[in-house]
Amino acid sequence: MKRRDFLKTSATGICAAGIIPAGITNKTETRQKIESFRTLGRTGFKVSEIGFGAGFLNDPSVLNRALEIGINYIDTGEHYGNGQSEATIGEVIGRHDRKKIFITTKLNLSFGEEPTKDRLKSRFTKCLERMKTDYADCLMIHMTPDIIQVKHEDFHEAFKELKSDGKVRFLGLSNHGTEQSIYGFTPVKMEDVILAAAEDGRFDVALFVYNFLQKEQGEKIISKCKEKNIGVTLMKTNPVLVYERRMESIEQARQRGRDASESLQKMMDEYKNRLAEADEFKKKHGIKTNEEIRDAAIRFTLSNPDVHTVCPTIQNFDELNAFAALAGTKLSDIDESSLDNYSTNLGKYYCRHACGECEPACPKRVPINTIMRYNHYFDSQQREKQAMSKYAKLTFNNASECFDCDGVCERNCRHNVPVRAMMMYAHQNLSLG
Ligand code: SF4
Ligand code: SF4
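Residues numbered from 1 in each chain as written. Chains lettered and ligands numbered in written order. Predicted model: local features only at pLDDT ≥ 70, side-chain atom pairs only at ≥ 80, totals over all residues. Heavy atoms only, no water.

### Some words on the overall build of the protein
From N to C terminus, the protein includes 16 helices and twelve strands. When the 433 residues of the protein are sorted by exposure, 59% land in the buried category. Taking the contacts inside the protein whose residues are at least 6 apart along the sequence as the reference set, 78% of them involve residues at least 24 apart. With an accessible surface of roughly 18200 Å², the protein has 48% of that area assigned to carbon and sulfur atoms. (Helix = DSSP H or I, 4+ residues; strand = E, 2+ residues; numbered from the N terminus. Buried < 20%, exposed > 50% of the residue type's maximum accessible area, 1.4 Å probe, protein only. Contact = heavy atoms within 4.5 Å. Areas by Shrake-Rupley, 256 points an atom, 1.4 Å probe, with all protein chains shown as cover.)

### Quick notes on the pairing of strand 7 (residues 102-108)
Most of strand 7 is tucked away, with seven of its seven residues classed as buried. Residues F102, T104, K106 and N108 of strand 7 are buried on one face, and the alternating residues I103, T105 and L107, pointing to the opposite face, are buried as well. Examined bridge by bridge, strand 6 (residues 73-75) and strand 7 share three bridges and lie parallel to one another. Bridged to D75 within strand 7 is T104. Here five bridges tie strand 7 to strand 8 (residues 136-142), and the two strands are oriented parallel to one another. The residue bridging K106 from the neighbouring strand is M140, located in strand 8. Note that the unit made of strand 7, helix 4 (residues 117-131) and strand 8 has a crossover that is right-handed. (Pairing = 2+ DSSP bridges. Right-handed = clockwise from strand over helix to strand, strands pointing away.)

### Side note on the pattern of salt bridges
Per the counting criterion, the structure on display carries 27 salt bridges. In this structure, D97 and K99 form a salt bridge, with 3.7 Å as the shortest nitrogen-oxygen distance. Look at K99 and you get exposed, because its relative accessible area is 65%. The closest approach of N and O atoms between D97 and K100, which form a salt bridge, is 3.9 Å. Exposure remark for K100: the relative accessible area of 59% places this residue in the exposed category. In this structure, a network of salt bridges that share partners links the residues E199, K224, E227 and K228. (Salt bridge = Lys/Arg side-chain N within 4 Å of Asp/Glu carboxyl O.)

### A short note on the site of ligand 2
Every residue near ligand 2 is listed here: C362, P363, I368, E401, C402, C405, G407, V408, C409 and R420. Here the shell around ligand 2 is built from residues that sort into seven nonpolar, one polar and two charged. (Near = heavy atom within 4 Å. Nonpolar A, V, L, I, M, F, W, Y, C, P; charged D, E, K, R; others polar.)

### Thoughts on the packing of helix 10 (residues 262-284) against helix 16 (residues 419-430)
Close contact between helix 10 and helix 16 brings their axes to 9 Å; oriented N to C, the two are set at 105 degrees. Relative to helix 16, the element helix 10 is oriented roughly perpendicular. Across the interface between the two elements, S263, L264 and M267 from helix 10 touch R420, A421, M422, M424, Y425 and Q428 from helix 16. Split by residue class, the contact of helix 10 with helix 16 holds six nonpolar, two polar and one charged. (Axes fitted to C-alpha atoms, helices over the stretch in contact; angles between N-to-C directions. Parallel < 35°, antiparallel > 145°, perpendicular 65-115°, else oblique.)

### Quick notes on the packing of aromatic side chains
Scanning all chains against the criterion turns up six aromatic pairs. Measuring from ring centre to ring centre gives 5.4 Å for Y73 and F102, while their planes differ by 15 degrees; the resulting arrangement is stacked. Here Y73 is found in strand 6, whereas its partner F102 is found in strand 7, with 29 residues between them in sequence. Across the pair, F102 and Y73 agree in class, each one buried. Centroid distance Y210 to F300: 5.6 Å. Interplanar angle 40 degrees. Geometry classified as tilted. Taken together, the positions of Y210 in the loop between strand 10 (205-209) and helix 8 (215-228) and F300 in helix 11 (residues 290-302) put the pair 90 residues apart, joining distant regions of the chain. Across this residue pair, the class does not change: Y210 and F300 are buried. Among the aromatic residues, those joined into a cluster by ring pairs are F45, Y73, F102 and F170. Its guanidinium or amino end placed over the ring of Y135, R98 lies 3.9 Å from that ring's centre, counting from NZ or CZ. (Phe/Tyr/Trp six-rings, centres within 6.5 Å; stacked < 30°, edge-to-face > 60°. Lys NZ or Arg CZ within 6 Å of the ring centre and 35° of its normal.)

### What to know about the sheet that holds strand 12 (residues 309-310)
What links the strands of a sheet is backbone hydrogen bonding, and the strands pair in either a parallel or an antiparallel sense. Sheet architecture is open: eight strands sit in the order 5-6-7-8-9-10-11-12, paired in parallel fashion. Of all strands in the sheet, those with a lone pairing partner are strand 5 (52-53) and strand 12, marking the two edges. As judged from the three bridges shared by strand 9 (residues 168-174) and strand 10, these two strands associate in the parallel manner. Bridging across to strand 10, L173 finds its partner in A206. Sitting on the sheet, helix 6 (residues 153-164) is in contact with strand 7, strand 8 and strand 9, with an inclination near 155 degrees to strand 9. The strands touched by helix 7 (residues 190-200) are strand 9 and strand 10; relative to strand 10, the strand with the most contacts, the crossing angle is about 170 degrees.

Dropping the structure here:
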């Protein structure tokens, strides 16, 4: 269904029916009932193809509307907004049939105090309190940093006790690549972590990266999850919409008088040419906006029948409407051609999430993939403050090392990412005062 086909619905009737909770703003927004559901592996729960990525949720009316139109999978986490995401969920779910909603929250084992069983149970209890619910459907290990953490004894003990108390139903884990943590940097691939969890046998749901620019890892994981009947939920399904913004921010950096070294300049010049070629294709096929390519990217992930729900970050009604409209739609020939065109012309400027293959080649042990991800937060997701704060906290060498290096890492990237220039660019973005 196209966005233009949506019904514009006044929220007045919804308020009159008592559906909008007190304090939730009464906005007039589009509505579309989602009717495409998939079974989330062994949980047996029928989840909406489009889930609600609540990482930046702070507007209860957006979530309320999402639940109204049939989105029934919410992906949150203890540390999203320092509890703000869960607290916002708590403002909304009491007005809906709890049994019809699947809520996944996550606890991070990698930051703060040693995660003992009692501490984990106490942290999880606070998650439930914030969400004003008696139970979570799924508890995940957040950003599982290593295969060892898949078998984290205290976490499993805590989960077992919480489950027998009826406070949680299913176990899950997420991974999107390396992160600096109390364990340092653990250069383990996303696929190795999730595949280890699948073999472990205790995990019911997984959350990981899959998109049209990085099919291989994701497809390997999806097929293992299918074999083990594990629920497949996805993040970072849209690697597009990075590029124009990238151009803008490099230009802004230049205007601020910051260094644009020769190789960075060369990369940007080449990038402009490739962008022009990509635009040619768009013009020829009547593609007017990058959002159309983003939609094709999400349809691509949903075209895999073994994917159960994708969880784009939804912060406002525009995003909600755009993503909800994708449920039940099919990947078209023109979608496929658009994505091919994008991959050919611009794919080399995307450092694949959760990759890290080139890192062992770096003599300075710079965490390339992690820094590129922070830059993705900065550049593509416009989470500048968070990205800069994460970068500032790195205790390992950062991308300043790349300015005086011949870029040996590049020879180890089979996607031909111009690593050195992109790392310098990341440093410019992330180290601004
Ligand atoms: S630069 Fe290439 S090899 Fe290195 S992490 Fe990114 S995609 Fe992987
Ligand atoms: S450019 Fe040099 S210092 Fe920077 S990541 Fe590559 S090898 Fe390491």
